[in-house]
Amino acid sequence: MQRRYNFAFFDEASKREIRRAILKGVSIPGYQVPFASREMPIGRGWGTGGLQITLSLIGRSDVLKVIDQGSDDSVNAVNIKKLVVDTTDVEVTDDVGAASIIQSRHRIPEQPLRTDQVLVLQVPTPEPLRSFEASEAKTRVLHAEADYTGAWLELFDQIVRYDATTTGADHPVLVNGRYVMAPSPIPRFDNLKLNQAEHLTLLGAGREKKIYAVPPHTDVKPLDFEDYPFAVEHFGEARCRLCGARDVYLDELVDEATGETYYQCNDTAYCAGRRKGGVHER
């Protein structure tokens, strides 16, 4: 069957340009590299930045896993997988251990990744200073001068108002002791998985035309204060009602019939693997 598209949708020159941006991002951890974001046959905001990274890296022998907020079967995940498969014929999987490329929206898998795996995170807002500085030119100067006073003041203001930092997701992190980075809207629970990780993490924002990276074995520290240390979401003694997992990110749900609250693994593939005996509690 003759293809209507080049392998992985893009022409080879486009893929090379994106890979050059990726290489620069890996060389300067946490630095936002501008790139010529391409038009995609999916809407902006549906992960076009991450998808462009995936399509520029994927080869015929790769195995792809796509996650959307912990699920492999959401509309976003299914449509991204369909586009990649239609233009590459690569194998897709729900098993983290079997995948060579994992593209994710809003979560990092519970199962630790290996050195031979690449995590691609979809990013809506790559600039961690945008909430207090609207000018792109000014934020570039602030990053160049390592002037992150505004980021610290935002956290301080939250503590003054609420006696705690209130960043539910996308809590800013300091990468390699140099750049403050937006880790994508992952929950605070996942921020610590980036620190000294075995795998390469690539982050792409299609609408904002930015690519950045966290190489393996890189220090990633959430911004915090000595007297108000960074804290992740806590679920007490709760366990997943399906697999019994603790110390994972849980969804709090309500049984419509009884009104009772129960907890379930947000990472559906991890939960299914535990029930089959394929993965073990961290």
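Preceding this paragraph is the structure being described.
All values reported here derive from a predicted model rather than from experimental measurement.

A. Spotlight on helix α7 (residues 268–276). Among the residues of α7, those classed as buried are Ala269, Tyr270, Cys271, Gly273 and Arg274. In this structure, the buried residues of α7 make contact with β2 (63–68) and β12 (261–265). Between the side-chain oxygen at the start of α7 and the backbone nitrogen of Ala269 there is a gap of 3.3 Å, and the oxygen is on Asp267. Backbone geometry just downstream of α7 places Gly277 in the positive-phi region, at approximately 85°.

B. Summary view of the side chain of Asp267. Examined against the element boundaries, Asp267 turns out to sit in the loop between β12 and α7. One buried charged side chain, Asp267, makes no salt bridge at all; its nearest oppositely charged neighbour is Lys65, positioned 5.2 Å away. Of the polar contacts made by the side chain of Asp267, one reaches the backbone nitrogen of Tyr270; its length is 3.1 Å. Ignoring any residue separated from it by four or fewer positions in sequence, one finds Asp267 in contact with Gly70, Arg107, Pro109 and Glu110.

C. Representation of the sheet that holds β2. Sheet architecture is open: seven strands sit in the order β1-β9-β8-β5-β4-β2-β3, paired in mixed fashion. Either end of the sheet is taken by a strand with one partner, and the two such strands are β1 (33–34) and β3 (91–92). Pairing geometry for β2 and strand β4 (residues 101–105), over five bridges, is parallel. For Leu64, the partnering residue across the bridge sits in β4 and is Ile101. Across the face of the sheet, helix α1 (residues 12–27) comes into contact with β1, β8 (200–205) and β9 (210–214) while running at roughly 45° to β9.

D. Spotlight on the packing of aromatic side chains. For the structure on display, the rule yields six aromatic pairs. On the basis of an interplanar angle of 55° and a centroid distance of 5.6 Å, the ring pair of Tyr31 and Tyr179 is categorised as tilted. With Tyr31 in the loop between α1 and β1 and Tyr179 in strand β7 (residues 179–181), the pair connects residues that are 148 residues apart, well separated along the chain. A residue is classified by how much of its surface remains accessible, and Tyr179, at 13% relative accessible area, is buried. Arranged with centres 5.4 Å apart and planes meeting at 65°, the rings of Trp152 and Phe225 form a pair that is edge-to-face.

E. Layout of unusual backbone geometry. In this model, Lys209 sits at a positive phi of 60°, which is unusual for a non-glycine residue. Here Lys209 is to be found in the loop between β8 and β9. Non-glycine residue Asp247 carries a positive phi angle of around 60°. Take Asp247: it is sitting in the loop between β10 (220–222) and β11 (250–254).

F. A look at the nonpolar core. With 28 residues, the main nonpolar core has Met40, Leu51, Leu55, Ile58, Val84, Leu202 and Ile211 as its most contacted residues. Counting residues per element, the ones that place at least two in this core are α1, α2 (48–57), β2, α3 (75–88), β5 (118–122), β8 and β9. The element contributing the most residues to this core is α3, with four residues. Counting residues in hydrophobic clusters, the runner-up holds 20 residues, among them Ile102, Leu119, Val123 and Ala182.

G. A look at the environment of Asn176. Looking at the element boundaries, Asn176 is found in the loop between β6 (173–175) and β7. Judged by its relative accessible area of 48%, Asn176 is partly exposed. The sequence separation of Asn176 and Asp219 amounts to 43 residues, and the corresponding C-alpha distance is 4.9 Å.

H. Up close: the pairing of β8. Across the six residues of β8, six count as buried, placing the element largely inside the fold. Side chains Leu200, Leu202 and Gly204 project from β8 onto one buried face, and the interleaved Thr201, Leu203 and Ala205 project onto a second face that is buried too. Of the strand pairs in this sheet, β5 and β8 are connected by five bridges, and their pairing is parallel. The partner of Leu121 across the bridge, within β8, is Leu203. The sheet contact formed by β8 and β9 spans five bridges and is antiparallel.

I. Structural context of the side chain of Asn191. Here Asn191 lies in helix α6 (residues 188–191). For Asn191, a relative accessible area of 0% puts it in the buried group. The contacts of Asn191, once residues within four sequence positions are left out, are His171, Val173, Pro183, Ile186, Pro222 and Phe230.

Parameters at a glance
Residues numbered from 1 in each chain as written. Predicted model: local features only at pLDDT ≥ 70, side-chain atom pairs only at ≥ 80, totals over all residues. Heavy atoms only, no water. Buried < 20%, exposed > 50% of the residue type's maximum accessible area, 1.4 Å probe, protein only. Helix = DSSP H or I, 4+ residues; strand = E, 2+ residues; numbered from the N terminus. Contact = heavy atoms within 4.5 Å. Polar contact = N/O pair within 3.5 Å; in protein donor to acceptor, adjacent residues only side chain to side chain. Lys, Arg positive; Asp, Glu negative; His and termini not counted. Salt bridge = Lys/Arg side-chain N within 4 Å of Asp/Glu carboxyl O. Pairing = 2+ DSSP bridges. Axes fitted to C-alpha atoms, helices over the stretch in contact; angles between N-to-C directions. Phe/Tyr/Trp six-rings, centres within 6.5 Å; stacked < 30°, edge-to-face > 60°. Core = buried A, V, L, I, M, F, W, Y, C linked by side-chain atoms within 4.5 Å.

The analysis is restricted to geometry; functional conclusions fall outside its scope.
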